[in-house]
Amino acid sequence: MGSVVIDRRGFELLIAALQSRDYKVVAPTARDGAIAYDEIGGVSDLPAGLTDEQEAGSYRLWCRDDDALFGYAVGPQSWKRYLFEPKTVVFRAQRVERVGFVRAGPSDAAPRYAFVGVRSCEIAAIGIQDRVFLGGSHADPHYRARRDAFIVAVQCGEPGGTCFCASMRTGPRAEAGFDLALTEIVAGDRHEFVVEVGSSRGDDLLGQVPSRPADSSDLGAARAVTDSASERMGRRLDADGLPERLAAVLEHSHWDQVASRCLGCTSCTLVCPTCFCSRVSDTTDLKGLEATRTRTWDSCFTLGHSYLHGGSVRSTIRDRYRQWLTHKLSTWVAQFGTSGCVGCGRCITWCPVGIDITVEVQALLAPLGPGRPTVSPGAGAPVEPAAPAEVPR
Amino acid sequence: MLAERVSEPMEPQPYRVIEVRHETADVVTFTIEPTPGIASMDALPGQFNMLWAFGVGEVPISLSGLRPGGVLVHTVRSVGTVSEALTRLHSGEIVGVRGPFGRGWEVETAEGDDIVVVAGGIGFAPLRPVVEHALANRSAFGRVVVLVGARRPEEMIFDEDLLRWAVATDDIAVEVTVDAAGHDWSGHVGVVTELVGRARFDARHAVAFVCGPEVMMRFATRSLQERGVPLGRIRLSAERNMHCAVAHCGHCQLGEYIICRDGPVFDAARLLPLLTVRGR
Ligand SMILES: Cc1cc2nc3c(=O)[nH]c(=O)nc-3n(C[C@H](O)[C@H](O)[C@H](O)COP(=O)(O)OP(=O)(O)OC[C@H]3O[C@@H](n4cnc5c(N)ncnc54)[C@H](O)[C@@H]3O)c2cc1C
Ligand code: SF4
Ligand code: SF4
């Protein structure tokens, strides 16, 4: 299963081949001023010639000077909305005389998905959610039924301003977890895709598309795309020993400092591809004869999340931001055996006040005492600590 | 490569209420059995079930008794919508059950040792099976000491059991206390942790089982430590908001633990450091 090269027409045939095999093909599209996943009819629905600019609290689409189909980083959505849907009916029951109630659904016919344009960080994020939903003693049947999706990865050439997958060792190059992986090569008149094969069904599908074997210069060009992306990450995070280092700063005053900016809006948790919290609610029809149990995305930023009779355990924003950040980067490891963060940068971009996980970690772990770097709140320059603010006279 | 069908962990099974006992003004104990065709569960002391009031909601409730033939006992205090609906169940009615979940008290690992049970309020519910297990296997354990606290005499649950155990003085030492009482109360007044200091047991060869409000558990742990019981031999049952009980919903996290999966029973050496960080 050596790598091959296909051209743009070949890519169109690849999508058509997926469709002819009854896959519902979902891919990036441009919608409402952002890159958003949606079912596509064909390659013409992809955001050709667009790129994005991302910073803490800001996102813009711009035109590129080429026709690249994948020349942008991740948008606000992640594939979790297809595997772990925002709202799922998990159980339905009918009230019945004598036996009390009987199961009345749901009859969960999972769509047969093909995901096109899955980035390396997203494959890592799916792997993390696999451990949550399938790795324990109770598997989630809804997630399981969708998880068989056909995955066409796209290697990243254009990291976003808030990306730090290289720090988290989840990208930019996807090495596994896909059926096929494409590297888009756009140079002058050349518009081709180097395709790596990750599974036998990927190999099988590729057999339906005209291609030529990749030679060493093709492979070199593909490698150069991710190597260069690796060097242009917008953010960086020193991930070594983070679980222990963060566990030691639970009472740091910087938590109060973040809390003074955080709105508790939950945006960071909704855009995060690994966040898995959900709320389960029961309802009945008006006659009280049919009951429905629904699971909906929840967030640790809500007061209700930690509610116990008498009040919430995490009653302040400080408690809730601390829970979120330490869960992602520290306690997740003990709970599930991996970090809970893949460095996709979404929480930074989509935070309305520009709170930046990489900056907050740096501030929390900065050595105490004289010469301690000050990190200016919301500053979009996280790689180096910002210069100390001038003291007004 | 079609996904194998996985059973739905969120689906409750119908159980029938066969007995209801009003413990106090707001606490009810009910005995339930699986309806015909429903497999009975093998539950252990300290484990819990998710109990579902049809269409109202589902909450975690500990097992307060285990009877032969898959018959289960639960004791519920009415504090909100779902628990209130559960306390209104009548004999013959149906309740939905999912479980059992979590790591229990593992009483059998205390064989050969003295057993010290420290209970506060509704926290006595998950501890009753510990006492029942110890009495049913009496020769396997050393002294059995049961210390129970309630806010007022009329809020004391399982009073018939307490009386019965207290009468069998050779087998078990029972001490009760209330925070406040009128003149008709002749027993001890004060917090349950005070009883720990006076109780007769061999601290170096004892295992303590503690459940109650979080502050009570912290103070009880301290009193037990002062008596010389090592932290690793004190077991606590933790409580957090819970929606799924199968480690998917994220609500019952406490630091590195997911309580429905790793607990609810923990030894104090692991749990105490987490309970002492405010807002965790
Ligand atoms: C492992 C475990 C064992 C328990 N065992 C017992 C028991 O044996 N007897 C008993 O009376 N109570 C027990 N509880 C507490 C009981 O679950 C709560 O009193 C109950 O959830 C309150 O729900 P509600 O709808 O009546 O109240 P509301 O205040 O209306 O609660 C709304 C929602 O908040 C959540 N919630 C509120 N309080 C709690 C709480 N204390 N714990 C968990 N979730 C909560 C629930 O999801 C509930 O649906 C136990 C809790 C846990 C975690
Ligand atoms: S915490 Fe932020 S950077 Fe990390 S995976 Fe979630 S959204 Fe991406
Ligand atoms: S960190 Fe930002 S996105 Fe997250 S809850 Fe706070 S304000 Fe909202």
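**Q** What should I look at first to understand the overall build of chain A in this one?
**A** For chain A, the count of helices and strands is 13 helices and 16 strands. Computed over C-alpha atoms, the radius of gyration of chain A comes to 23 Å, within 12% of the 21 Å expected from 2.2 N^0.38 for 393 residues, which places it in the range of a compact globule. Taken over the C-alpha atoms alone, chain A extends approximately 80 × 65 × 35 Å along its principal axes. A buried classification covers 54% of the 393 residues belonging to chain A. Within chain A, counting contacts between residues at least 6 apart in sequence, those at least 24 apart form 69% of the total. Only carbon and sulfur atoms are counted for the fraction: they give 52% of the accessible area of chain A, which is about 16500 Å². Of the side-chain charges in chain A, 43 are positive and 47 negative, and the distance between the mean point of each set is 7 Å.

**Q** I tried to follow the side chain of Thr326(A) on my own but got confused; where do I start?
**A** Counting through the fold element by element, Thr326(A) comes out in helix α11 (residues 317-336). Setting aside its immediate chain neighbours within four residues, Thr326(A) contacts Leu250(A), Trp255(A), Thr331(A) and Trp332(A).

**Q** I keep staring at the pairing of strand β7 (residues 100-103) of chain A and nothing clicks. Help me out?
**A** Moving residue by residue along a regular strand, the side chains alternate between the two faces of the sheet. Residue and element names in this part refer to chain A. Note: strand β6 (residues 87-96) against β7, four bridges, orientation antiparallel. Within β7, the residue paired with Gln94 across the bridge is Val102. Between the end of β6 and the start of β7, which pair antiparallel, lie three residues, with Arg98 showing a positive phi angle near 70°.

**Q** For this particular structure, what's the right way to read the pattern of salt bridges?
**A** Oppositely charged side chains can form a pair if their charged atoms are brought close together. Residue and element names in this part refer to chain A. The tally for this structure, following the rule as stated, stands at 52 salt bridges over all chains. Two residues, Glu251 and Arg318, come together in a salt bridge whose shortest N-O distance is 3.1 Å. With Glu251 in the loop between α8 (242-247) and α9 (254-259) and Arg318 in helix α11, this residue pair connects regions lying 67 residues apart in the sequence. Judged by relative accessible area, which is 15%, Arg318 ranks as buried.

**Q** How should the packing of aromatic side chains be read in this particular structure?
**A** Given two aromatic rings, one states the distance between the centres and the angle between the planes to describe the pair. Tallied over the full model, the rule gives 30 aromatic pairs over all chains. Look at Trp79(A) and Phe115(A): their rings are 4.6 Å apart centre to centre, the planes differ by 25°, and that puts the pair in the stacked class. Here Phe115(A) lies in strand β8 (residues 113-118) and Trp79(A) lies in the loop between β5 (58-63) and α2 (80-83), a separation of 36 residues in the sequence. The exposure classification of Trp79(A) matches that of Phe115(A), with both residues buried. With a centroid separation of 4.9 Å and an interplanar angle of 45°, the aromatic rings of Tyr257(B) and Phe266(B) are classed as tilted. You can call Tyr257(B) buried: its relative accessible area is 10%. Among the aromatic residues, those joined into a ring-pair cluster are Phe84(A), Phe133(A), Tyr143(A), Phe276(A), Trp297(A), Trp332(A) and Phe336(A). Over the aromatic face of Phe54(B) sits the side chain of Arg95(A), whose NZ or CZ is 4.4 Å from the ring centroid.

**Q** Hey, could you run me through the side chain of Arg235(A) in this one?
**A** All names here are of chain A. Mapped onto the secondary structure, Arg235 falls in the loop between α7 (216-231) and α8. On the basis of relative accessible area, Arg235 is assigned to the buried category, the value being 2%. Of the polar contacts made by the side chain of Arg235, one reaches the side chain of Asp356; its length is 2.6 Å.

**Q** What's the story with the site of ligand 2 in this structure? I'm lost.
**A** Residue and element names in this part refer to chain A. Around ligand 2 lies a shell formed by Phe164, Cys272, Pro273, Trp324, Lys328, Cys341, Val342, Gly343, Cys344, Gly345, Arg346 and Cys347. At the level of secondary structure, the elements contributing two or more residues to the shell around ligand 2 comprise α11 and α12 (346-349). Taken together, the residues of the shell around ligand 2 sort by class into eight nonpolar, two polar and two charged.

Rules and cut-offs
Residues numbered from 1 in each chain as written. Chains lettered and ligands numbered in written order. Predicted model: local features only at pLDDT ≥ 70, side-chain atom pairs only at ≥ 80, totals over all residues. Heavy atoms only, no water. Helix = DSSP H or I, 4+ residues; strand = E, 2+ residues; numbered from the N terminus. Rg over C-alpha atoms; globule rule 2.2 N^0.38 Å. Buried < 20%, exposed > 50% of the residue type's maximum accessible area, 1.4 Å probe, protein only. Contact = heavy atoms within 4.5 Å. Areas by Shrake-Rupley, 256 points an atom, 1.4 Å probe, with all protein chains shown as cover. Lys, Arg positive; Asp, Glu negative; His and termini not counted. Charge placed at Lys NZ, Arg CZ, Asp CG, Glu CD. Pairing = 2+ DSSP bridges. Salt bridge = Lys/Arg side-chain N within 4 Å of Asp/Glu carboxyl O. Phe/Tyr/Trp six-rings, centres within 6.5 Å; stacked < 30°, edge-to-face > 60°. Lys NZ or Arg CZ within 6 Å of the ring centre and 35° of its normal. Polar contact = N/O pair within 3.5 Å; in protein donor to acceptor, adjacent residues only side chain to side chain. Near = heavy atom within 4 Å. Nonpolar A, V, L, I, M, F, W, Y, C, P; charged D, E, K, R; others polar.

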